[in-house]
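# Structural characterization, general
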Amino acid sequence: MRLSQYFMPTLKETPSEAQIVSHRYMLRAGMIRQASAGIYSWLPMGFKVMKNIEQIVREEQNAAGAQEMLMPTIQSADLWRQSGRYDDYGQEMLRITDRHDREMLYGPTNEEVITEIFGAAIKSYRHLPKNLYHIQWKFRDEVRPRFGVMRGREFLMKDAYSFDLDAEAGRRAYNRMFVAYLRTYARMGLQAIPMRADTGPIGGDMSHEFIILADTGESEVFCHRDFLERDVLQRDIDFDSDLQPIVDEWTSLYAATDEMHDAAAFESAVPEDRRVSARGIEVGHIFFFGDNYSKPLGALVTTPDGDEVAVQMGSYGIGVSRLVGAIIEASHDEKGIIWPESVAPFKVGLINLRSGDDACDAACGEMYTKLSDAGVEVLYDDRSERAGSKFADMDLIGLPWQLVAGPRGLKDGKVELKNRRSGETEELTIDAALTRLAS
RNA sequence: CGGGGUGUAGCUCAGUCUGGUAGAGUGCUUGCUUUGGGAGCAAGAUGCCGCAAGUUCGAAUCUUGCCACCCCGACCA
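If you're wondering where the values come from, they're calculated on a predicted model, not measured in any experiment.

## Let's talk about the protein's contact with RNA strand B
- Taken together, 42 residues are adjacent to RNA strand B, and Ser16, Ala387, Gly388, Phe391 and Gly406 come closest.
- Looking at the surface near RNA strand B, the elements with two or more residues in it are strand S13 (275–290), strand S16 (312–319), helix H11 (387–397) and helix H12 (407–410).
- Of all the elements, H11 adds the most residues to the surface near RNA strand B, at 8 residues.
- By residue class, the composition of the surface near RNA strand B is 12 nonpolar, 12 polar and 18 charged.

Shown next as structure tokens:
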């Protein structure tokens, strides 16, 4: 993509409404534009990042055996009356009336809809287990939206729902999602820590929040330092195998948000030099809830014995749009964003230091074409801006690599390759730089 | 929902107290000079001063009502 043609309205100054770093950088980098409180338009670059995140989520869900579908944003109030949540949900639910005076709502979550769909189609234990998910916009009418996309009212969420015959099978479904989540975040360059979450009236240990550490996190968290040194991607996962050992490995060490925190337990379980107390951002939540919805909504299956039982369910959410902000919170410096390569809108930012100069234009044109042909996504800054503003913009938008060509280096046939994260730069020939980036 | 605050150029903000032709910086346009970390000079364009009613000869400024947005708290993916 040539920057001269790309819609990327960057700002030099920070709009006054933005407080936290991800919000400031997303506005300054031209990734989003606020439409109204807690509701954003996603401009091309922000949209690209969100799509990259979504794709990682999708791949890992599929690998774990979940099947993608799509449910509507607008739901019927009647369905929610059956589950009893229409009145319980309160003002966070955006209620709508259609032209026939029918009560509708903009879905804040999808348990009712999926349970109805499942219940209408699946009647026998023979068709279990199932795990269905979608990636869809949700709306929760927060009293006070803030932090940009981290806590908007409208947000994109992946929510999966598992259906099993009994609680033991439900645990296996839960474990698959648990491990898939670890992998999903790791692929985005995040170290997410599963923390026990409140299971409410159901009880048990089958609810975890996935938390990443960031100074601007909304809640205080406490955990063992070992979590920060683990790499779940190192081993291959067979989702058909028993995943309990891996789950145990990730749940045996102390990790809790402030609501679940027990200072005495923390101190006895974790040696002093391994204790981490920090702030965290919740980027996912998994929950096993048994027959809470299947019972009232009549999602019953026949058992091998011929009995009818309500199906055992779990739900598994990942805040996709929130992750865009969360990744920035976890990965930035004073100049701007630092994208992990897996979610970066482009891999390389190609900077032509003097657009209009024949040698620079030719060298950049060649590099742009060859990288593009090699399947490398390049944002080519061909604008006739000054070097300083090109560097500043490129640092702000945080592409992993900056490839810089100017008259000075090109005299010797050299270009400069800079790693955004480390700041290291290297002078290379054009061919060497291309080889490096295309590999 | 309680408390506080702000609405003036794309963005950051002055001007409001004390009513009298709408301002600055930045960004934008044009030209020249520049060109390796947000350039210099010159010329230019840009506003229902959040909306509505009122007071007044005259309202960005005073009064009333409304709307929007932000911050703190309580609440949440």
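## Regarding the domain arrangement of chain A
- We note that the domain assignment places domain 1 (21–71 + 110–337) and domain 2 (348–438) within chain A.
- The C-alpha-based centres of domain 1 and domain 2 are spaced at 38 Å.
- Between domain 1 and domain 2, the residue contacts involve 7 residues of the former and 4 residues of the latter.
- Looking at the side of domain 1 that touches domain 2 residue by residue, the classes come out as 4 nonpolar, 1 polar and 2 charged.

## Concerning the confidence of the model for chain A
- Averaged over chain A, the pLDDT score is 94; the fraction of residues at 70 or greater is 99%.
- With a pTM of 0.96, the predicted complex shows an ipTM of 0.93.

## Describing the sheet that holds strand S4 (residues 74–76)
- Taken in spatial order, the 3 strands of this open sheet run S4-S6-S5, and their pairing is antiparallel. Among the strands making up the open sheet, the edge pair consists of S4 and strand S5 (94–97). The average undirected angle you get between the axes of adjacent strands in this sheet is 40°.
- Relative to strand S6 (residues 103–106), S5 is paired through 4 bridges, and the arrangement is antiparallel. Bridge pairing in S6 places arginine 95 opposite leucine 105.

## Examining the nonpolar core
- Counting residues in hydrophobic clusters, the biggest one holds 113 residues, and the most contacted among them are Ile53, Met177, Ile212 and Leu403.
- For this core, the element with the most residues is helix H6 (residues 167–187), which contributes 9 residues.
- Here this core spans two domains, since at least three of its residues come from each of domain 1 (21–71 + 110–337) and domain 2 (348–438).
- If near-sequence neighbours (up to four positions away) are discounted, isoleucine 212 is found in contact with Leu190, Gln191, Ala192, Gly280, Ile281, Val283, Ala326 and Ala330.

## A short note on the sheet that holds strand S22 (residues 414–419)
- Read from one edge of the open sheet, 5 strands run S20-S19-S21-S22-S23, paired in mixed fashion. Because the sheet does not close on itself, it has two edges, and the strands there are strand S20 (378–381) and strand S23 (425–429). The average undirected angle you get between the axes of adjacent strands in this sheet is 25°.
- Bridge analysis of strand S19 (residues 348–352) against strand S21 (residues 401–405) gives 5 bridges, and the strand direction is parallel. By the bridge assignment, glycine 349 is partnered in S21 with glutamine 402.
- Contacting S19, S20, S21 and S22, helix H10 (residues 358–373) crosses the sheet at an angle of about 165° to S19.
- Sheet strands in contact with H11 are S19, S20 and S21, and its direction is about 175° off that of S19.

Cut-offs applied
Residues numbered from 1 in each chain as written. Chains lettered and ligands numbered in written order. Predicted model: local features only at pLDDT ≥ 70, side-chain atom pairs only at ≥ 80, totals over all residues. Near = placed C-beta within 6 Å. Helix = DSSP H or I, 4+ residues; strand = E, 2+ residues; numbered from the N terminus. Nonpolar A, V, L, I, M, F, W, Y, C, P; charged D, E, K, R; others polar. Domains from an automatic or database assignment. Contact = placed C-beta atoms within 7 Å. pLDDT = per-residue confidence, 0-100. Pairing = 2+ DSSP bridges. Axes fitted to C-alpha atoms, helices over the stretch in contact; angles between N-to-C directions. Core = buried A, V, L, I, M, F, W, Y, C linked by C-beta atoms within 7 Å. Buried ≥ 20, exposed ≤ 12 C-beta atoms within 10 Å, placed from the backbone.

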